[in-house]
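Coordinate analysis (summary)
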Amino acid sequence: MVIHIQAKHGTVPGAMRPSPSLVAMGKSKKPSSSESDLENYAAENINRHKKGLFRKKVPLANMLSWTREIIKKPMLQTKDKGVKRDAIEVFKLIQCYMGDRQIKDKEPEAVVVDLVTRGWTTVPIRDELYIQVCRQTTENYNDESLQAGWELLAIFLNFFPPSVRFHSYLDGYVVKHLTGEYDTRKVPVKDYAEHCFKKLERISQTGARKGVKKITLEEINLAKNSVFHPSMFGNTLEDVMDLQKDRFPDRELPWIVVVLAEEVFRLGGEKTEGIFRVPGDIDEVNALKVKCDQWSMPECSDPNVPASLLKLWYRDLYEPLIPMEFYDQCIRACNERDKALEVISLLPDLNRLLLCHFIKFLQVFAKEENVSSTKMDINNLAMVMAPNCLRCASENPQIIFENTRKEMSFVRTLIQHLDTSYLDGII
């Protein structure tokens with residue numbers, strides 16, 4: 001038996017919601033570092049440089065402030081020979097990208113690709129890259145240089161995270177700039193900090209960019225532009241709908257969800273063995289992600305590629321499809337049809353509409369005639385798709401483990417009993 005949940009029309013989802021940055025600050029799992037925390041970390045980890053005839057240690061404040069000079073050793077203490085060798089060069093490259101130094105035959109485009117590639121491929125250099133950018137955006141009174149530095153920080157946070165040890169310092173540095181007091185006449189530092197705050201939180205959860213294909217300038221430019229022209233990935237539902245309102249003013253669902261679902265069906269995904277379980281080629285998925293962010297229609301040959309990107313889009317939502325405040329209710333109602341459907345009826349309009357679209361999509365694959373081809377029955381579908389709409393807030397491994405099966409049961413209950421027929425014709 002299926003039960004129909006009537007869609008509510010005529011409302012503006014989230015019309016009175018706070019900005020994403022304020023939501024992010026309110027939902028941060030850990031308290032942000034204080035000024036003293038930043039100083040303590042720096043005092044314990046900065047590789048104090050020496051200067052002058054008597055080799056006096058450079059004051060810590062100077063070590064953490066913009067400089068036109070080069071450095072002669074890493075900023076952070078390290079035993080890694082590679083970092084000791086490369087830190088000096090990457091500092092020059094950062095200065096070059098920010099316009100503070102000229103390097104022969106080095107254009108900014110080539111420099112930023114070099115820096116991002118180093119951070120992505122070489123884990124030990126990542127914290128050094130981050131601390132160097134933090135330094136060069138501190139007490140920097142050149143607007144063009146300051147803006148380029150914050151751009152660089154935003155770009156890095158699209159491709160690789162800092163270490164767990166350095167995370168609190170970087171988090172504290174970004175939070176310190178959320179107040180607006182560091183904005184200049186030409187550089188809205190607060191806007192960059194809000195974007196970086198959100199990116200830092202997400203990439204700390206998801207990890208570095210996946211795949212083996214080289215990072216392209218096109219990807220980097222998308223990352224840079226996403227500060228003021230947000231990506232469809234990693235944003236809130238409201239942000240995504242706002243992005244498409246001029247192109248598709250009549251659409252009620254995110255464009256990207258509809259076109260990726262259609263592409264899966266166009267390629268016969270409902271008859272493809274292992275669909276949603278077998279990942280698409282990661283480099284093809286990355287390329288398709290770039291195309292979608294440019295509003296280009298997908299053209300794939302393997303249904304696993306759009307299927308993988310669709311899962312990624314749901315999983316990367318800044319706030320989960322089923323908002324966190326409903327998570328516990330979902331867990332408690334996981335095996336009770338009426339209670340589960342009652343929870344869905346309480347969701348915000350946009351979340352409910354998209355969740356019903358998500359379940360309607362899965363119901364196609366749960367049909368017996370398709371399961372015989374895909375080998376993905378309702379239990380398998382629930383197992384692989386539950387993490388894309390429910391997000392456990394606990395960091396306790398035992399709670400996460402216990403709730404995983406309940407999350408699966410909740411999604412299975414929806415696939416079995418949610419009437420999604422009213423969605424016919426809604427895009």
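Residues numbered from 1 in each chain as written. Predicted model: local features only at pLDDT ≥ 70, side-chain atom pairs only at ≥ 80, totals over all residues. Heavy atoms only, no water.

All right, on to the overall build of the chain then. Helix and strand content of the chain: 20 helices and four strands. Within the chain, the fraction of its 427 residues that count as buried is 52%. At a minimum sequence separation of 6, the contacts of the chain that also span at least 24 residues come to 77%. For the chain, the exposed area adds up to about 20800 Å²; of that, 51% sits on carbon and sulfur atoms. (Helix = DSSP H or I, 4+ residues; strand = E, 2+ residues; numbered from the N terminus. Buried < 20%, exposed > 50% of the residue type's maximum accessible area, 1.4 Å probe, protein only. Contact = heavy atoms within 4.5 Å. Areas by Shrake-Rupley, 256 points an atom, 1.4 Å probe, with all protein chains shown as cover.)

It is worth spelling out helix 6 (residues 126-136) at this point. Burial analysis of helix 6 places eleven of its eleven residues in the buried class, the great majority of the element. What helix 6 keeps buried is the set Arg126, Asp127, Glu128, Leu129, Tyr130, Ile131, Gln132, Val133, Cys134, Arg135 and Gln136. Where helix 6 is buried, its residues meet helix 3 (60-63), helix 4 (81-97), helix 5 (108-121), helix 7 (143-159) and helix 8 (164-176).

For Asp105, which is not glycine, the phi torsion reads 65° and is therefore positive. On the secondary structure map, Asp105 appears in the loop between helix 4 and helix 5. A positive phi is found at Lys375, a non-glycine position, where the angle reads about 60°. Within the element layout of this structure, Lys375 appears in the loop between helix 18 (368-374) and helix 19 (378-385).

What follows concerns the environment of Asn388. Looking at the secondary structure, you find Asn388 in the loop between helix 19 and helix 20 (397-417). Non-local contacts of Asn388, meaning those with residues more than four positions away in its chain, are made with Lys311, Tyr314 and Arg315.

The next point concerns the layout of surface pockets. The space that makes up the largest pocket amounts to roughly 1000 Å³. Taken together, 41 residues line the largest pocket, and the ones lying closest to its centre are Phe233, Asn286, Lys289, Leu312 and Asp316. Elements that contribute at least two residues to the lining of the largest pocket include exactly helix 7, helix 9 (189-206), helix 10 (217-225), helix 13 (282-293) and helix 14 (304-316). Across the lining of the largest pocket, the residue classes tally to 19 nonpolar, eleven polar and eleven charged. (1 Å grid on protein atoms, 1.4 Å probe; cavity = no way out; pocket = protein on both sides within 12 Å on 5 of 7 lines; lining within 4 Å. Points joined across faces, edges and corners; volume = space filled by probe spheres on them. Nonpolar A, V, L, I, M, F, W, Y, C, P; charged D, E, K, R; others polar.)

For the structure shown, the criterion picks out 16 aromatic pairs. Three or more aromatic residues joined by ring pairs make a cluster, and in this case those are Phe265, Phe276, Phe361 and Phe365. Over the ring of Phe248 we find Arg251, and its NZ or CZ is 4.9 Å from the ring centre. Here the basic side chain of Lys289 rests over the ring of Phe233, its NZ or CZ set 5.1 Å away from the ring centre. (Phe/Tyr/Trp six-rings, centres within 6.5 Å; stacked < 30°, edge-to-face > 60°. Lys NZ or Arg CZ within 6 Å of the ring centre and 35° of its normal.)

If you walk through the whole model with that rule in mind, you get 13 salt bridges. When the shortest N-O distance is used, the salt bridge between Lys106 and Asp114 registers 3.8 Å. Each member of the salt-bridge network shares a partner with another, and the members are Glu89, Lys106, Asp114 and Arg118. (Salt bridge = Lys/Arg side-chain N within 4 Å of Asp/Glu carboxyl O.)

Right, let's get into the side chain of Ser65. Mapped onto the fold, Ser65 is located in the loop between helix 3 and helix 4. Once you skip the residues sitting within four places of it in the chain, Ser65 turns out to touch Arg135, Gln136, Thr138 and Glu139.

Looking at the secondary structure, you find Arg85 in helix 4. Since its relative accessible area comes to 56%, Arg85 is described here as exposed. When the C-alpha positions of Arg85 and Lys72 are compared, they lie 9.7 Å apart, and in sequence the two are 13 residues distant.

Attention shifts here to the environment of Lys73. Topologically, Lys73 is positioned in the loop between helix 3 and helix 4. On the accessibility criterion, Lys73 (31% relative accessible area) is partly exposed. Along the sequence, Lys73 and Asn47 sit 26 residues apart, while their C-alpha atoms lie 8.1 Å from each other.

What follows concerns the packing of helix 6 against helix 7. The N-to-C vectors of helix 6 and helix 7 enclose an angle of 155°; their axes lie 9 Å apart at closest approach. What the angle tells us is that helix 6 and helix 7 run roughly antiparallel. Note that helix 6 runs across helix 7; the crossing there is left-handed. Packed against helix 6, whose contacting residues are Leu129, Tyr130 and Val133, the element helix 7 presents Gly149, Leu152, Leu153, Phe156 and Leu157 at the interface. Residues belonging to the contact of helix 6 with helix 7 are distributed by class as follows: seven nonpolar, one polar and no charged. (Axes fitted to C-alpha atoms, helices over the stretch in contact; angles between N-to-C directions. Parallel < 35°, antiparallel > 145°, perpendicular 65-115°, else oblique. Left-handed = near helix turned anticlockwise from the far one by under 90°.)

Another point: helix 7. Helix length check: helix 7, at 17 residues, gives a terminal C-alpha distance of 25 Å against a target of 24 Å (1.5 Å per residue), a fit within 8%. When you tally the buried positions in helix 7, you get 14 out of 17 residues, the bulk of the element. (Expected span 1.5 Å × (residues − 1).)

What follows covers the confidence of the model for the chain. The predicted model of the chain has a mean per-residue pLDDT of 87, with 89% of residues at 70 or higher. Note that residues 6-32 has pLDDT below 50 and, in this model, 37 contacts with residues that lie over four places away or in other chains. (pLDDT = per-residue confidence, 0-100.)

This paragraph deals with the packing of helix 7 against helix 10. Contact pair helix 7 / helix 10: the axes reach a minimum separation of 8 Å and the direction vectors enclose 120°. Considering the relative orientation of helix 7 and helix 10, their crossing is right-handed. In this structure, helix 7 contributes Glu151, Ile155, Asn158 and Phe159 to the contact, and helix 10 contributes Glu219, Ile220, Ala223 and Lys224. Considering only residue class, the contact of helix 7 with helix 10 consists of four nonpolar, one polar and three charged.

What follows concerns the state of the cysteines. Going through the model one piece at a time under the given rule, you end up with zero disulfides. No disulfide involves Cys134; its nearest neighbouring cysteine sulfur is the one of Cys196, lying 9.3 Å away. Owing to a relative accessible area of 2%, Cys134 belongs among the buried residues under this scheme. (Disulfide = S-S within 2.5 Å.)

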